[in-house]
Amino acid sequence: MQRIKIKELLEGAEAGHDVLLKGWVRTKRGNKYVNFIAVNDGSTIHNLQVVAEADKFSEEALKDVTTGAAVAVTGQLVASQGKGQAYEVQATHIEVLGKADPEVYPLQKKAHSLEFLREIAHLRFRTNTFGAVFRVRNALAFAVHKFFNEKGFVYMHTPIITASDAEGAGEMFRVTTLDLDKLPRTEEGAINFAEDFFGKATNLTVSGQLEGELAAMAFSDIYTFGPTFRAENSNTTRHLAEFWMIEPEMAFYDLQMNADLAEEFIKYIIRHALENNRDDIEFLGQRLAEEDKAKPQNERQEMTLLEKLEFVANNSFERITYTQAIDILVNSPAYKKKKFQYDVSWGSDLHSEHERYLVEKHFKKPVIVTDYPKDIKAFYMRVNDDNKTVAAMDILAPGIGEIVGGSQREERLDILVERMKGVGIHEEDMWWYLDTRRFGGCPHAGFGLGFERMVQFVTGMGNIRDVIPFPRTPQNAEF
Ligand code: 4AD
Ligand code: MG
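A brief look at the structure comes next. Each chain carries its own residue numbering, running from 1 in the written order of its sequence. Chains and ligands are labelled by the order in which they are written, letters from A for the one and numbers from 1 for the other. Two thresholds apply to this predicted model, a pLDDT of at least 70 for residue-level local features and 80 or more for giving and counting side-chain atom pairs, whereas whole-chain, interface and lining totals are computed over all residues. Values shown for side chains rest on all heavy atoms present in the structure; no hydrogens or waters enter the calculation.

### Here we look at a nonpolar patch on the surface
What counts here: For patch detection, residues must exceed 30% relative accessible area and be free of salt bridges, and they are connected within 9 Å for like charges or within 5 Å for nonpolar side chains (Val, Leu, Ile, Met, Phe, Trp, Tyr). Accessible surface area values rest on a Shrake-Rupley calculation with a 1.4 Å probe, where residue burial reflects the displayed protein chains alone. We count a salt bridge whenever a side-chain nitrogen from Lys or Arg sits within 4 Å of a carboxyl oxygen from Asp or Glu. Here a helix means four or more residues in a row that DSSP labels H or I, a strand means two or more in a row labelled E, and each is numbered from the N terminus.
A cluster of nonpolar side chains, contributed by Ile160, Ile161, Phe197 and Phe198, occupies part of the molecular surface with about 380 Å² of accessible area. Within the secondary structure, phenylalanine 198 sits in the loop between strand 8 (174-175) and strand 9 (202-204).

### Regarding the site of ligand 1
The condition that has to hold: One heavy atom suffices: a residue is near a molecule or strand as soon as one of its heavy atoms comes within 4 Å of it. Within 3.5 Å is the distance limit for a polar contact, defined as a pair of N or O atoms, with the added protein rule that one can donate a hydrogen and the other accept it, and that residues adjacent in sequence qualify only through two side-chain atoms.
The environment of ligand 1 is made up of 24 residues, and the closest members are Glu167, Gln209, Arg230, Glu247 and Glu402. Contact distances for ligand 1 include 3.0 Å between a nitrogen atom and a side-chain N or O atom of serine 207. Taking glycine 450, its main chain carries an N or O atom lying 3.3 Å from an oxygen atom of ligand 1. Protein contact buries 93% of the 630 Å² of open area that ligand 1 shows by itself. Listing elements by their share of the shell around ligand 1, those giving two or more residues are strand 11 (242-251), strand 15 (401-408) and strand 16 (444-450).

### A few points about helix 11 (residues 413-422)
So the rule is basically this: Exposed residues in this analysis have more than 50% of their type's maximum accessible area, buried residues have under 20%, and partly exposed residues fall in between, with area computed by a 1.4 Å probe over protein chains only. For this quantity, the arc is that covered by the directions from the helix axis to the C-beta atoms. Contacts are assigned to residue pairs that have any heavy atoms within 4.5 Å of one another.
Along helix 11, the residues that are buried comprise Leu416, Val417, Arg419 and Met420. Seen end-on, helix 11 carries its buried residues on one side only, within an arc spanning 160°. Across helix 11 from its buried face, at more than 90 degrees, point the exposed residues Asp414, Glu418, Lys421 and Gly422. Among the structural elements, helix 12 (431-438) are those in contact with the buried residues of helix 11. The first or second residue beyond helix 11 is glycine 424, which carries a positive phi of 80°.

### A few points about helix 10 (residues 352-363)
As a reminder of what qualifies: For a helix, the expected span equals 1.5 Å multiplied by the number of residues minus one.
Under the 1.5 Å per step criterion, the end-to-end length of helix 10 is 15 Å for 12 residues, consistent within 8% with the ideal 16 Å. Among all positions of helix 10, only His354, Glu355, Tyr357, Leu358, Val359 and Phe363 are buried. Trailing helix 10 by a residue or two, lysine 364 shows a phi angle of about 55°, which is positive.

### Here we look at the environment of serine 332
Counting through the fold element by element, serine 332 comes out in the loop between helix 8 (322-330) and helix 9 (333-336). Under the relative-accessibility criterion, serine 332 is labelled buried at 2%. Between the C-alpha atoms of serine 332 and lysine 182, which are 150 residues apart in sequence, the distance is 57 Å. Among residues more than four places away in sequence, those in contact with serine 332 are Phe340 and Tyr357. Side-chain polar atoms of serine 332 contact the backbone nitrogen of tyrosine 335, separated by 3.1 Å.

Listed below in C-alpha coordinates is the structure:
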(Lines give C-alpha, C1' and ligand atoms only; values in the text may rest on other atoms or scores of the structure.)
(Ligands and ions follow the chains in the order given, each with its own letter.)
Protein backbone atom coordinates (compact mmCIF):
# COMPACT_ATOMS: atom_id res chain seq x y z
CA MET A 1 0.00 0.00 0.00
CA GLN A 2 1.19 3.49 -0.77
CA ARG A 3 1.73 5.87 2.11
CA ILE A 4 -0.56 8.87 2.23
CA LYS A 5 0.29 12.14 3.98
CA ILE A 6 -2.09 13.40 6.64
CA LYS A 7 -2.82 16.67 4.85
CA GLU A 8 -3.87 14.89 1.69
CA LEU A 9 -5.78 12.33 3.68
CA LEU A 10 -7.80 14.97 5.56
CA GLU A 11 -8.48 17.02 2.45
CA GLY A 12 -9.78 14.24 0.27
CA ALA A 13 -10.87 11.89 3.00
CA GLU A 14 -13.31 9.12 2.30
CA ALA A 15 -14.12 6.87 5.21
CA GLY A 16 -14.02 3.13 4.73
CA HIS A 17 -10.67 2.85 2.95
CA ASP A 18 -7.51 1.23 4.22
CA VAL A 19 -4.63 3.66 4.55
CA LEU A 20 -0.92 3.55 5.29
CA LEU A 21 0.24 6.39 7.44
CA LYS A 22 3.78 7.28 8.51
CA GLY A 23 4.82 9.91 11.01
CA TRP A 24 5.85 10.66 14.58
CA VAL A 25 3.90 10.01 17.72
CA ARG A 26 2.85 13.19 19.49
CA THR A 27 0.91 11.61 22.34
CA LYS A 28 -0.45 8.30 23.48
CA ARG A 29 -3.25 7.96 25.98
CA GLY A 30 -5.70 5.25 26.76
CA ASN A 31 -7.09 2.68 29.14
CA LYS A 32 -7.14 -1.06 29.33
CA TYR A 33 -9.53 -1.33 26.36
CA VAL A 34 -8.14 1.10 23.89
CA ASN A 35 -5.21 3.39 23.11
CA PHE A 36 -5.39 6.68 21.24
CA ILE A 37 -2.19 7.61 19.43
CA ALA A 38 -1.86 11.08 17.88
CA VAL A 39 0.41 10.93 14.83
CA ASN A 40 1.82 13.92 12.97
CA ASP A 41 3.82 13.78 9.75
CA GLY A 42 4.59 17.50 9.31
CA SER A 43 2.31 17.97 6.32
CA THR A 44 -0.24 19.82 8.43
CA ILE A 45 -0.74 21.15 11.95
CA HIS A 46 -3.40 18.45 12.44
CA ASN A 47 -2.57 15.10 13.95
CA LEU A 48 -4.34 11.98 12.89
CA GLN A 49 -5.78 9.94 15.73
CA VAL A 50 -4.90 6.28 15.57
CA VAL A 51 -7.13 3.96 17.57
CA ALA A 52 -5.43 0.79 18.79
CA GLU A 53 -7.79 -1.57 20.55
CA ALA A 54 -6.45 -3.78 23.31
CA ASP A 55 -7.80 -6.96 21.78
CA LYS A 56 -5.62 -6.32 18.71
CA PHE A 57 -2.60 -4.71 20.39
CA SER A 58 -1.13 -5.99 23.60
CA GLU A 59 0.59 -3.61 26.01
CA GLU A 60 3.85 -5.20 24.88
CA ALA A 61 3.11 -4.46 21.20
CA LEU A 62 2.62 -0.77 22.01
CA LYS A 63 5.43 -0.31 24.53
CA ASP A 64 7.68 1.49 22.07
CA VAL A 65 4.87 3.63 20.70
CA THR A 66 5.87 6.64 22.78
CA THR A 67 6.07 10.39 22.18
CA GLY A 68 8.65 11.05 19.47
CA ALA A 69 8.80 7.55 18.00
CA ALA A 70 8.52 7.12 14.22
CA VAL A 71 5.69 4.79 13.26
CA ALA A 72 4.01 3.25 10.23
CA VAL A 73 0.33 2.57 10.75
CA THR A 74 -2.11 0.64 8.59
CA GLY A 75 -5.78 0.58 9.22
CA GLN A 76 -9.15 1.75 8.11
CA LEU A 77 -10.03 5.42 7.93
CA VAL A 78 -13.29 5.93 9.77
CA ALA A 79 -15.44 8.85 10.84
CA SER A 80 -14.40 9.74 14.38
CA GLN A 81 -16.75 9.51 17.33
CA GLY A 82 -14.47 11.70 19.41
CA LYS A 83 -14.28 15.47 19.68
CA GLY A 84 -11.70 17.50 17.78
CA GLN A 85 -11.31 15.42 14.67
CA ALA A 86 -13.49 14.30 11.79
CA TYR A 87 -11.54 11.12 11.03
CA GLU A 88 -9.42 8.56 12.77
CA VAL A 89 -7.64 5.38 11.80
CA GLN A 90 -8.73 2.06 13.24
CA ALA A 91 -5.31 0.41 13.38
CA THR A 92 -4.71 -3.13 12.19
CA HIS A 93 -0.93 -2.91 12.17
CA ILE A 94 1.55 -0.60 13.88
CA GLU A 95 5.26 -0.79 13.20
CA VAL A 96 7.75 1.23 15.22
CA LEU A 97 10.37 2.43 12.73
CA GLY A 98 12.41 4.40 15.23
CA LYS A 99 12.10 4.43 19.01
CA ALA A 100 12.38 7.54 21.20
CA ASP A 101 13.25 6.48 24.73
CA PRO A 102 10.82 8.40 26.98
CA GLU A 103 13.48 8.51 29.71
CA VAL A 104 15.66 10.79 27.61
CA TYR A 105 13.52 12.22 24.76
CA PRO A 106 13.51 15.95 25.55
CA LEU A 107 10.09 16.83 24.13
CA GLN A 108 7.31 16.11 26.56
CA LYS A 109 3.59 16.40 26.28
CA LYS A 110 3.56 19.66 28.22
CA ALA A 111 4.23 23.00 26.53
CA HIS A 112 7.89 23.99 26.48
CA SER A 113 9.22 27.55 26.48
CA LEU A 114 10.56 28.98 23.23
CA GLU A 115 13.91 29.53 24.97
CA PHE A 116 14.17 25.87 25.90
CA LEU A 117 13.17 24.79 22.40
CA ARG A 118 15.91 27.01 20.93
CA GLU A 119 18.41 24.85 22.82
CA ILE A 120 17.01 21.75 21.12
CA ALA A 121 16.48 23.37 17.73
CA HIS A 122 17.20 20.03 16.07
CA LEU A 123 13.97 18.68 17.56
CA ARG A 124 11.78 21.77 17.74
CA PHE A 125 10.39 21.19 14.22
CA ARG A 126 8.33 18.48 15.89
CA THR A 127 6.27 20.90 17.94
CA ASN A 128 3.01 22.49 16.80
CA THR A 129 4.45 25.99 17.00
CA PHE A 130 7.57 25.36 14.95
CA GLY A 131 5.74 23.10 12.53
CA ALA A 132 3.39 26.00 11.82
CA VAL A 133 6.19 28.60 11.67
CA PHE A 134 8.27 26.69 9.16
CA ARG A 135 5.34 25.70 6.98
CA VAL A 136 4.44 29.40 6.82
CA ARG A 137 8.06 30.26 6.07
CA ASN A 138 7.97 27.78 3.21
CA ALA A 139 4.72 29.24 1.86
CA LEU A 140 6.16 32.75 1.95
CA ALA A 141 9.33 31.68 0.13
CA PHE A 142 7.25 30.02 -2.55
CA ALA A 143 5.05 33.13 -2.87
CA VAL A 144 8.15 35.29 -3.35
CA HIS A 145 9.14 33.31 -6.42
CA LYS A 146 5.55 33.13 -7.66
CA PHE A 147 5.07 36.90 -7.40
CA PHE A 148 8.20 37.80 -9.32
CA ASN A 149 7.79 35.01 -11.82
CA GLU A 150 4.28 36.21 -12.66
CA LYS A 151 5.72 39.68 -13.26
CA GLY A 152 8.46 38.46 -15.58
CA PHE A 153 11.36 39.15 -13.21
CA VAL A 154 14.51 37.06 -13.71
CA TYR A 155 15.77 35.23 -10.60
CA MET A 156 19.47 36.01 -10.33
CA HIS A 157 21.97 34.14 -8.15
CA THR A 158 24.41 36.70 -6.85
CA PRO A 159 27.68 35.65 -5.20
CA ILE A 160 27.98 34.78 -1.53
CA ILE A 161 31.71 35.49 -1.46
CA THR A 162 32.61 39.02 -2.48
CA ALA A 163 35.38 41.57 -2.24
CA SER A 164 33.04 44.55 -1.89
CA ASP A 165 30.99 45.94 0.98
CA ALA A 166 27.63 46.81 -0.58
CA GLU A 167 26.29 48.66 2.42
CA GLY A 168 29.59 50.30 3.30
CA ALA A 169 28.97 49.56 6.95
CA GLY A 170 32.03 47.36 7.44
CA GLU A 171 30.07 44.60 9.15
CA MET A 172 31.51 41.70 7.22
CA PHE A 173 32.74 38.20 7.93
CA ARG A 174 36.13 37.59 6.38
CA VAL A 175 36.58 34.57 4.11
CA THR A 176 40.14 33.33 4.00
CA THR A 177 42.32 30.26 3.64
CA LEU A 178 45.37 32.03 5.08
CA ASP A 179 46.99 30.28 8.03
CA LEU A 180 45.91 32.48 10.93
CA ASP A 181 48.96 31.44 12.95
CA LYS A 182 51.35 32.41 10.17
CA LEU A 183 49.88 35.36 8.33
CA PRO A 184 51.89 36.51 5.30
CA ARG A 185 52.92 40.15 5.58
CA THR A 186 53.67 42.87 3.06
CA GLU A 187 56.84 44.97 3.37
CA GLU A 188 54.77 47.54 5.27
CA GLY A 189 53.70 44.87 7.74
CA ALA A 190 50.07 44.61 6.64
CA ILE A 191 48.46 41.20 6.00
CA ASN A 192 49.28 40.20 2.44
CA PHE A 193 45.98 39.19 0.94
CA ALA A 194 47.65 38.74 -2.45
CA GLU A 195 48.59 35.32 -1.06
CA ASP A 196 45.03 34.53 -0.03
CA PHE A 197 42.80 32.15 -2.00
CA PHE A 198 41.28 34.82 -4.24
CA GLY A 199 44.38 37.02 -4.36
CA LYS A 200 42.53 39.72 -2.45
CA ALA A 201 40.63 40.19 0.79
CA THR A 202 37.15 38.66 0.57
CA ASN A 203 34.04 38.50 2.73
CA LEU A 204 30.61 36.96 2.98
CA THR A 205 28.20 39.27 1.20
CA VAL A 206 25.96 41.69 3.13
CA SER A 207 23.70 42.14 0.09
CA GLY A 208 23.33 40.98 -3.51
CA GLN A 209 22.28 44.42 -4.65
CA LEU A 210 25.38 45.62 -6.48
CA GLU A 211 25.50 42.52 -8.68
CA GLY A 212 21.71 42.70 -8.98
CA GLU A 213 22.06 46.17 -10.47
CA LEU A 214 24.41 44.81 -13.13
CA ALA A 215 21.82 42.24 -14.16
CA ALA A 216 18.95 44.76 -14.15
CA MET A 217 20.89 46.70 -16.78
CA ALA A 218 20.26 43.80 -19.15
CA PHE A 219 17.07 42.03 -18.03
CA SER A 220 15.18 45.15 -16.85
CA ASP A 221 13.69 43.38 -13.83
CA ILE A 222 15.53 40.90 -11.64
CA TYR A 223 15.42 39.68 -8.07
CA THR A 224 17.74 37.83 -5.75
CA PHE A 225 16.71 35.62 -2.85
CA GLY A 226 19.58 34.29 -0.85
CA PRO A 227 21.49 34.32 2.40
CA THR A 228 23.31 37.47 3.50
CA PHE A 229 25.66 37.93 6.42
CA ARG A 230 26.26 40.74 8.86
CA ALA A 231 28.80 40.75 11.63
CA GLU A 232 26.91 43.37 13.61
CA ASN A 233 27.06 42.64 17.26
CA SER A 234 23.40 43.33 17.93
CA ASN A 235 21.73 40.93 20.27
CA THR A 236 18.17 41.93 19.50
CA THR A 237 14.97 40.12 18.63
CA ARG A 238 15.25 41.41 15.04
CA HIS A 239 18.90 40.78 14.09
CA LEU A 240 20.64 37.70 12.80
CA ALA A 241 24.24 37.33 11.63
CA GLU A 242 22.95 35.14 8.77
CA PHE A 243 19.61 36.07 7.27
CA TRP A 244 17.83 35.74 3.95
CA MET A 245 17.01 38.72 1.83
CA ILE A 246 14.91 39.27 -1.28
CA GLU A 247 16.31 42.05 -3.44
CA PRO A 248 14.46 43.08 -6.60
CA GLU A 249 16.14 45.59 -8.89
CA MET A 250 14.29 47.34 -11.70
CA ALA A 251 15.56 49.42 -14.60
CA PHE A 252 13.47 52.49 -15.47
CA TYR A 253 11.84 52.61 -12.01
CA ASP A 254 11.78 55.70 -9.82
CA LEU A 255 11.22 55.80 -6.05
CA GLN A 256 7.42 55.90 -6.36
CA MET A 257 7.30 52.84 -8.59
CA ASN A 258 9.71 51.12 -6.24
CA ALA A 259 7.43 51.79 -3.26
CA ASP A 260 4.36 50.65 -5.22
CA LEU A 261 6.05 47.36 -6.10
CA ALA A 262 7.21 46.74 -2.53
CA GLU A 263 3.72 47.33 -1.18
CA GLU A 264 2.09 45.08 -3.77
CA PHE A 265 4.71 42.40 -3.08
CA ILE A 266 4.22 42.36 0.68
CA LYS A 267 0.44 42.19 0.34
CA TYR A 268 0.71 39.41 -2.22
CA ILE A 269 2.85 37.12 -0.10
CA ILE A 270 0.67 37.73 2.97
CA ARG A 271 -2.43 36.79 0.96
CA HIS A 272 -0.72 33.68 -0.32
CA ALA A 273 0.02 32.56 3.24
CA LEU A 274 -3.53 33.38 4.37
CA GLU A 275 -4.98 31.33 1.53
CA ASN A 276 -2.62 28.36 1.75
CA ASN A 277 -1.66 28.15 5.42
CA ARG A 278 -4.73 29.35 7.23
CA ASP A 279 -4.69 26.48 9.76
CA ASP A 280 -1.12 27.27 10.72
CA ILE A 281 -1.80 30.99 11.04
CA GLU A 282 -4.93 30.34 13.09
CA PHE A 283 -2.91 28.13 15.42
CA LEU A 284 -0.19 30.78 15.75
CA GLY A 285 -2.88 33.38 16.37
CA GLN A 286 -4.29 31.34 19.26
CA ARG A 287 -0.78 30.99 20.63
CA LEU A 288 -0.34 34.75 20.56
CA ALA A 289 -3.73 35.34 22.15
CA GLU A 290 -2.73 33.02 25.00
CA GLU A 291 0.55 34.88 25.41
CA ASP A 292 -1.33 38.16 25.40
CA LYS A 293 -3.54 37.14 28.31
CA ALA A 294 -0.49 37.22 30.55
CA LYS A 295 0.22 40.85 29.64
CA PRO A 296 -1.17 44.01 31.22
CA GLN A 297 -4.25 45.39 29.42
CA ASN A 298 -2.44 48.31 27.79
CA GLU A 299 0.19 46.07 26.18
CA ARG A 300 -2.25 43.67 24.57
CA GLN A 301 -2.73 43.50 20.82
CA GLU A 302 -5.71 45.36 19.41
CA MET A 303 -6.13 42.86 16.61
CA THR A 304 -5.73 39.11 16.40
CA LEU A 305 -2.99 37.84 14.10
CA LEU A 306 -5.51 37.00 11.37
CA GLU A 307 -7.17 40.41 11.66
CA LYS A 308 -3.80 42.13 11.46
CA LEU A 309 -2.79 40.22 8.33
CA GLU A 310 -6.16 40.78 6.64
CA PHE A 311 -5.91 44.45 7.53
CA VAL A 312 -2.41 44.87 6.10
CA ALA A 313 -3.25 42.90 2.96
CA ASN A 314 -6.33 45.02 2.29
CA ASN A 315 -5.35 48.58 3.22
CA SER A 316 -2.86 50.95 1.68
CA PHE A 317 0.36 51.70 3.49
CA GLU A 318 0.94 55.22 4.77
CA ARG A 319 3.60 57.22 2.92
CA ILE A 320 5.54 60.04 4.53
CA THR A 321 8.93 61.66 4.14
CA TYR A 322 11.66 61.39 6.74
CA THR A 323 11.21 65.11 7.47
CA GLN A 324 7.50 64.55 8.19
CA ALA A 325 8.38 61.57 10.38
CA ILE A 326 10.72 63.74 12.46
CA ASP A 327 7.95 66.34 12.82
CA ILE A 328 5.46 63.74 14.02
CA LEU A 329 7.96 62.33 16.51
CA VAL A 330 9.07 65.68 17.91
CA ASN A 331 5.43 66.69 18.41
CA SER A 332 4.41 63.35 19.90
CA PRO A 333 3.29 62.96 23.52
CA ALA A 334 5.95 60.24 23.87
CA TYR A 335 8.69 62.70 22.95
CA LYS A 336 7.34 65.43 25.19
CA LYS A 337 7.12 63.02 28.11
CA LYS A 338 10.71 61.95 27.36
CA LYS A 339 9.63 58.37 26.76
CA PHE A 340 12.18 57.76 23.99
CA GLN A 341 15.58 56.49 24.95
CA TYR A 342 17.21 58.12 21.90
CA ASP A 343 16.80 61.76 20.93
CA VAL A 344 15.03 62.78 17.75
CA SER A 345 16.43 65.48 15.50
CA TRP A 346 16.64 66.06 11.76
CA GLY A 347 19.77 64.33 10.51
CA SER A 348 19.94 61.44 12.95
CA ASP A 349 18.75 57.95 12.11
CA LEU A 350 15.41 56.68 13.37
CA HIS A 351 15.80 54.09 16.10
CA SER A 352 13.53 51.12 16.36
CA GLU A 353 11.53 52.79 19.19
CA HIS A 354 10.79 55.73 16.85
CA GLU A 355 9.87 53.47 13.95
CA ARG A 356 7.55 51.50 16.16
CA TYR A 357 5.94 54.63 17.55
CA LEU A 358 5.12 55.74 14.01
CA VAL A 359 3.56 52.44 12.92
CA GLU A 360 2.05 51.18 16.15
CA LYS A 361 0.89 54.33 17.90
CA HIS A 362 0.56 57.04 15.30
CA PHE A 363 -0.55 55.46 12.01
CA LYS A 364 -1.46 51.96 13.20
CA LYS A 365 -0.49 50.51 9.82
CA PRO A 366 2.66 49.93 7.76
CA VAL A 367 4.43 53.15 6.83
CA ILE A 368 6.78 53.89 3.93
CA VAL A 369 9.26 56.58 4.97
CA THR A 370 11.12 58.24 2.09
CA ASP A 371 13.82 60.83 1.45
CA TYR A 372 16.24 60.34 4.34
CA PRO A 373 19.24 62.63 4.95
CA LYS A 374 22.01 61.50 2.63
CA ASP A 375 24.63 61.30 5.38
CA ILE A 376 22.88 58.42 7.14
CA LYS A 377 22.24 56.34 4.01
CA ALA A 378 24.36 54.20 1.66
CA PHE A 379 26.47 55.70 -1.11
CA TYR A 380 24.41 54.24 -3.96
CA MET A 381 21.19 56.09 -3.15
CA ARG A 382 20.17 58.83 -5.56
CA VAL A 383 20.79 62.36 -4.30
CA ASN A 384 17.64 64.53 -4.39
CA ASP A 385 17.57 68.05 -5.86
CA ASP A 386 17.78 69.57 -2.36
CA ASN A 387 21.26 68.00 -2.15
CA LYS A 388 20.50 67.10 1.49
CA THR A 389 18.34 64.01 1.12
CA VAL A 390 18.41 60.84 -0.96
CA ALA A 391 15.61 58.94 -2.74
CA ALA A 392 15.57 56.25 -0.05
CA MET A 393 12.64 54.31 1.34
CA ASP A 394 12.23 52.19 4.44
CA ILE A 395 9.05 50.24 5.07
CA LEU A 396 8.15 49.99 8.73
CA ALA A 397 5.82 47.26 9.95
CA PRO A 398 3.84 47.02 13.21
CA GLY A 399 5.61 44.89 15.80
CA ILE A 400 8.78 44.72 13.70
CA GLY A 401 10.04 48.15 12.68
CA GLU A 402 12.11 48.24 9.49
CA ILE A 403 11.20 45.36 7.21
CA VAL A 404 12.32 46.82 3.86
CA GLY A 405 15.17 49.14 2.93
CA GLY A 406 15.55 50.43 -0.61
CA SER A 407 16.07 53.39 -2.88
CA GLN A 408 16.28 54.82 -6.33
CA ARG A 409 19.94 54.40 -7.32
CA GLU A 410 22.38 57.14 -8.23
CA GLU A 411 22.71 56.70 -11.99
CA ARG A 412 24.81 59.87 -12.56
CA LEU A 413 28.45 58.79 -12.73
CA ASP A 414 30.04 62.00 -11.44
CA ILE A 415 27.76 62.27 -8.41
CA LEU A 416 28.17 58.57 -7.60
CA VAL A 417 31.96 58.84 -7.76
CA GLU A 418 31.84 61.85 -5.43
CA ARG A 419 29.67 59.94 -2.96
CA MET A 420 32.01 56.95 -3.03
CA LYS A 421 35.01 59.17 -2.37
CA GLY A 422 33.14 60.70 0.55
CA VAL A 423 32.79 57.31 2.26
CA GLY A 424 36.26 56.05 1.34
CA ILE A 425 35.36 53.52 -1.37
CA HIS A 426 38.05 53.26 -4.04
CA GLU A 427 36.85 53.81 -7.58
CA GLU A 428 39.32 51.19 -8.90
CA ASP A 429 37.80 48.47 -6.72
CA MET A 430 34.33 49.15 -8.10
CA TRP A 431 35.13 49.71 -11.77
CA TRP A 432 32.62 47.07 -12.79
CA TYR A 433 29.82 48.75 -10.82
CA LEU A 434 30.67 52.14 -12.26
CA ASP A 435 30.69 50.69 -15.78
CA THR A 436 26.88 50.35 -15.60
CA ARG A 437 26.80 54.14 -15.27
CA ARG A 438 29.25 54.52 -18.16
CA PHE A 439 27.58 52.15 -20.60
CA GLY A 440 23.85 52.49 -21.04
CA GLY A 441 23.10 53.56 -17.50
CA CYS A 442 19.53 54.55 -16.71
CA PRO A 443 17.32 55.50 -13.79
CA HIS A 444 16.71 52.41 -11.70
CA ALA A 445 15.60 51.37 -8.24
CA GLY A 446 15.30 48.41 -5.92
CA PHE A 447 14.79 47.27 -2.37
CA GLY A 448 15.63 44.53 0.09
CA LEU A 449 13.04 42.68 2.17
CA GLY A 450 14.43 40.95 5.24
CA PHE A 451 12.85 37.52 4.88
CA GLU A 452 12.97 36.54 8.57
CA ARG A 453 11.40 39.83 9.62
CA MET A 454 8.62 39.12 7.11
CA VAL A 455 8.17 35.63 8.57
CA GLN A 456 8.03 37.20 12.04
CA PHE A 457 5.34 39.55 10.86
CA VAL A 458 3.17 36.79 9.40
CA THR A 459 3.65 34.28 12.23
CA GLY A 460 3.58 36.83 15.05
CA MET A 461 6.76 35.32 16.53
CA GLY A 462 8.47 37.86 18.76
CA ASN A 463 12.03 36.62 18.37
CA ILE A 464 13.76 36.35 15.00
CA ARG A 465 15.65 33.28 16.30
CA ASP A 466 12.36 31.41 16.17
CA VAL A 467 11.64 31.91 12.46
CA ILE A 468 14.91 30.58 10.96
CA PRO A 469 15.66 26.88 11.48
CA PHE A 470 19.14 27.31 12.93
CA PRO A 471 19.85 30.91 13.95
CA ARG A 472 23.32 32.43 13.79
CA THR A 473 23.76 35.16 16.39
CA PRO A 474 26.72 36.46 18.41
CA GLN A 475 28.27 33.59 20.41
CA ASN A 476 25.92 31.08 18.85
CA ALA A 477 26.46 28.77 15.87
CA GLU A 478 25.17 25.49 17.30
CA PHE A 479 23.65 22.89 14.96
O1 4AD B 1 18.30 48.11 4.84
P2 4AD B 1 19.29 47.07 4.38
O3 4AD B 1 20.62 47.08 4.99
O4 4AD B 1 19.35 47.25 2.80
C5 4AD B 1 20.17 46.58 1.93
O6 4AD B 1 20.90 45.68 2.22
C7 4AD B 1 20.00 47.01 0.51
N8 4AD B 1 21.15 46.53 -0.25
C9 4AD B 1 18.69 46.48 -0.03
C10 4AD B 1 18.45 46.91 -1.45
O11 4AD B 1 18.13 48.07 -1.67
N12 4AD B 1 18.59 46.02 -2.39
O13 4AD B 1 18.65 45.63 4.59
C14 4AD B 1 17.41 45.28 3.99
C15 4AD B 1 16.52 44.57 4.98
C16 4AD B 1 16.19 45.37 6.22
O17 4AD B 1 15.12 46.25 5.98
C18 4AD B 1 15.82 44.28 7.20
O19 4AD B 1 14.50 43.82 6.98
C20 4AD B 1 16.76 43.16 6.80
O21 4AD B 1 17.18 43.41 5.48
N22 4AD B 1 17.92 43.10 7.69
C23 4AD B 1 18.12 42.15 8.62
N24 4AD B 1 17.37 41.11 8.99
C25 4AD B 1 17.84 40.31 9.98
N26 4AD B 1 19.03 40.51 10.60
C27 4AD B 1 19.83 41.54 10.25
N28 4AD B 1 21.01 41.70 10.86
C29 4AD B 1 19.38 42.43 9.22
N30 4AD B 1 19.90 43.52 8.63
C31 4AD B 1 19.01 43.90 7.70
MG1 MG C 1 18.12 49.55 6.26
